[in-house]
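# Examining the three-dimensional arrangement
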Amino acid sequence: MKIEKIVRSIGSEFLDEGVEELLHRSRDRVDNELKHIRRPEAAVGIVKSPLGDLLVAMSARGIVLNHYLLDASDLAGTIAKLRLALDPVEDPRTIKEVGEEVRRYLAGEPKALRQSIDLTLAASPFQQKVLRKLQEIPRGAVVSYQALGAAAGAPRGARPVGNALHNNPVPIYVPCHRVISSDGRIGGYGGGASRKLQLLRCEGFTLDDADVRLPDKVVWGHTGTRIFCRGNCRTTARVNRARIMFVANPEEARRAGMRPCKICRPA
C-alpha cells in the first residue's frame, strides 16, 4: 500500500530522530496522501419539478448531477455510479434551490438557472469540451450536432457528439436540449422528447407535437459575424451550416447579442 511505503521511507530517513518527530513527519505525509484518496462530498437529494423528479447532487464547485429519475432501480444505479467519483451525503436543503430554479425557468424567467456547473462526472476531455461549447449556445437558439462538433474541434464527429450529449450529467443547466438534427428535426433527448419540447417551448420556439421540426419563422444566426437573417435570405445559401445557429425569433436573436441582416431585414 502506498501509505505504508511512505511511512517506511520516512522511518529510514529519520531513523536517528525521536519518535515524536518521526510521527509528526509521518502524519503530514500521510494526511497529504489521504487528500488524494478521499472522495469529495456531494450533497444529494430528489427535487420535484415540472419536468418530473430530479436526482440532484451538488459539490463544493456547483451542480454536478441533475438526473431525470425513471424509477427506484434507476435511483439505485445512478447513486452507485455517483459513488465512483463522489461521496454522496443526503442533504435536501442544499439541493432544494435547483428545483425552484427549474420551475421559474419553465415559467418564463430567462435567468433563473443560476447554479455553477461542475463537470467532474464528464467521462472524457472530449465530452467536457463538447459540454463547455454547449454552454455557449444562448437561450432561444439551437444548433445541429455537426455545428456543435465543429465548435468542439470535431466537424465530422456527429456520433461522438451525440454520445457526449446522451451522457450529459447536468441536463437543463448544460443545455443538450438545444441540439437538433441537421435536417431541422428536433431529434432525440436523454430525458425524452416531451421534456425536450417543453424546454424549447419555454425558450420561445413554437413547436407542433405532430411535426417536431423547427418552424419556418426561425431566424438564422451566424456564430462568426453575429448577424441574423431570414431562412430564405440569399446570403444563407453560401454560409457554412456548421457556423449557423437557429434562433426562435428576432427578439431572442437580439437578446443573444446579434444584429439583423441589412439585406433581408428580419423583423
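Residues numbered from 1 in each chain as written. Predicted model: local features only at pLDDT ≥ 70, side-chain atom pairs only at ≥ 80, totals over all residues. Heavy atoms only, no water.

Helices and strands together make up the secondary structure of the chain, namely nine helices and ten strands. Out of the 267 residues belonging to the chain, those deemed buried represent 46%. Taking contacts inside the chain between residues at least 6 apart in sequence as the whole, the part at least 24 apart equals 60%. When the accessible surface of the chain is totalled, it reaches about 14,800 Å², and 50% of it is carbon and sulfur. (Helix = DSSP H or I, 4+ residues; strand = E, 2+ residues; numbered from the N terminus. Buried < 20%, exposed > 50% of the residue type's maximum accessible area, 1.4 Å probe, protein only. Contact = heavy atoms within 4.5 Å. Areas by Shrake-Rupley, 256 points an atom, 1.4 Å probe, with all protein chains shown as cover.)

Tallied over the full model, the rule gives two aromatic pairs. Ring geometry for Trp220 versus Phe246: centroids 5.2 Å apart, planes at 80°, classification edge-to-face. Taken together, the positions of Trp220 in strand β7 (residues 219–222) and Phe246 in strand β9 (residues 244–247) put the pair 26 residues apart, joining distant regions of the chain. The exposure class assigned to Trp220 is buried, which follows from its relative accessible area of 13%. (Phe/Tyr/Trp six-rings, centres within 6.5 Å; stacked < 30°, edge-to-face > 60°.)

What follows covers the pattern of salt bridges. Oppositely charged side chains can pair when the atoms bearing their charge come close. Within the structure shown, the criterion is met by eleven salt bridges. Among the salt bridges present, the one from Arg104 reaches Glu97, with a minimum N-O distance of 3.7 Å. Taking relative accessible area as the criterion, Arg104 reaches 27% and is therefore assigned partly exposed. Since its relative accessible area comes to 30%, Glu97 is described here as partly exposed. Overlapping salt bridges bring together Glu97, Arg104, Glu109 and Arg114 as one network. (Salt bridge = Lys/Arg side-chain N within 4 Å of Asp/Glu carboxyl O.)

Turning our eyes to something else, we now look at the sheet that holds strand β4 (residues 87–90). Taken in spatial order, the four strands line up as β3-β2-β1-β4 in an open sheet, and their pairing is mixed. Of all the strands in the sheet, just β3 (62–68) and β4 have a single pairing partner and so form its edges. On average, each strand axis in the sheet is tilted by 30° relative to the strand beside it, whichever way the strands run. In this structure, strand β1 (residues 41–47) lies alongside strand β2 (residues 54–59), joined through five bridges in antiparallel fashion. Paired with Ile46 across the strands is Leu55, a residue of β2. Strands in contact with helix α3 (residues 72–83) are β1, β2, β3 and β4; relative to β3, the strand with the most contacts, it is inclined by about 150°. Relative to the sheet, helix α4 (residues 92–106) contacts β1, β2, β3 and β4, its axis offset from that of β1 by approximately 50°. (Pairing = 2+ DSSP bridges. Axes fitted to C-alpha atoms, helices over the stretch in contact; angles between N-to-C directions.)

As summarised here, the arrangement of the six strands in space is β6-β5-β9-β7-β8-β10, forming an open sheet in which the pairing is mixed. Looking at the sheet topology across the chains shown, the edges are occupied by β6 (179–180) and β10 (259–260). Bridging between β7 and strand β8 (residues 227–230) involves three bridges; their strand directions are antiparallel. Among the inter-strand pairings, Gly221 is bridged to a residue of β8, identified as Phe228.

With that settled, consider helix α5 (residues 125–134). Those residues of α5 that sit buried are Gln127, Val130, Leu131 and Leu134. The arc that holds every buried residue of α5, seen down its axis, measures 95°, which confines them to one face. Tucked inside the fold, the buried residues of α5 contact α6 (145–151), α7 (158–166) and β6. (Arc of directions from axis to C-beta.)

What follows concerns the pairing of β1. The element β1 is extensively covered by neighbouring structure, given that five of its seven residues are classed as buried. As paired elements, β1 and β4 share four bridges and run parallel to each other. Bridge assignment links Val44 to a residue of β4, and that residue is Glu90. The loop that links β1 with its antiparallel partner β2 comprises six residues; one of these, Gly52, has a positive phi angle of about 105°.

If you trace the backbone, Arg195 turns up in helix α8 (residues 193–202). It turns out Arg195 is buried and unbridged, and the closest side chain with the opposite charge, Asp53, is 8.1 Å from it. A distance of 2.7 Å separates a polar side-chain atom of Arg195 from the backbone oxygen of Gly191. The contact partners of Arg195, leaving out residues within four places of it in the chain, are Leu51, Gly52, Tyr68 and Tyr189. (Lys, Arg positive; Asp, Glu negative; His and termini not counted. Polar contact = N/O pair within 3.5 Å; in protein donor to acceptor, adjacent residues only side chain to side chain.)

On to α4, then. A rise of 1.5 Å per residue sets the reference length of α4, with its 15 residues, at 21 Å; its end C-alpha atoms lie 21 Å apart and thus fit the reference within 8%. In this structure, the buried side of α4 is in contact with β1, β2, β3 and α8. Where α4 terminates, the next one or two residues include Gly108, which has phi positive at roughly 110°. (Expected span 1.5 Å × (residues − 1).)

Here we take up the environment of Cys233. Mapped onto the elements of the fold, Cys233 is located in the loop between β8 and β9. C-alpha of Cys233 to C-alpha of Pro266: the two residues are 33 residues apart in sequence and 9.3 Å apart in space. Among residues more than four places away in sequence, those in contact with Cys233 are Cys261, Ile263 and Cys264.

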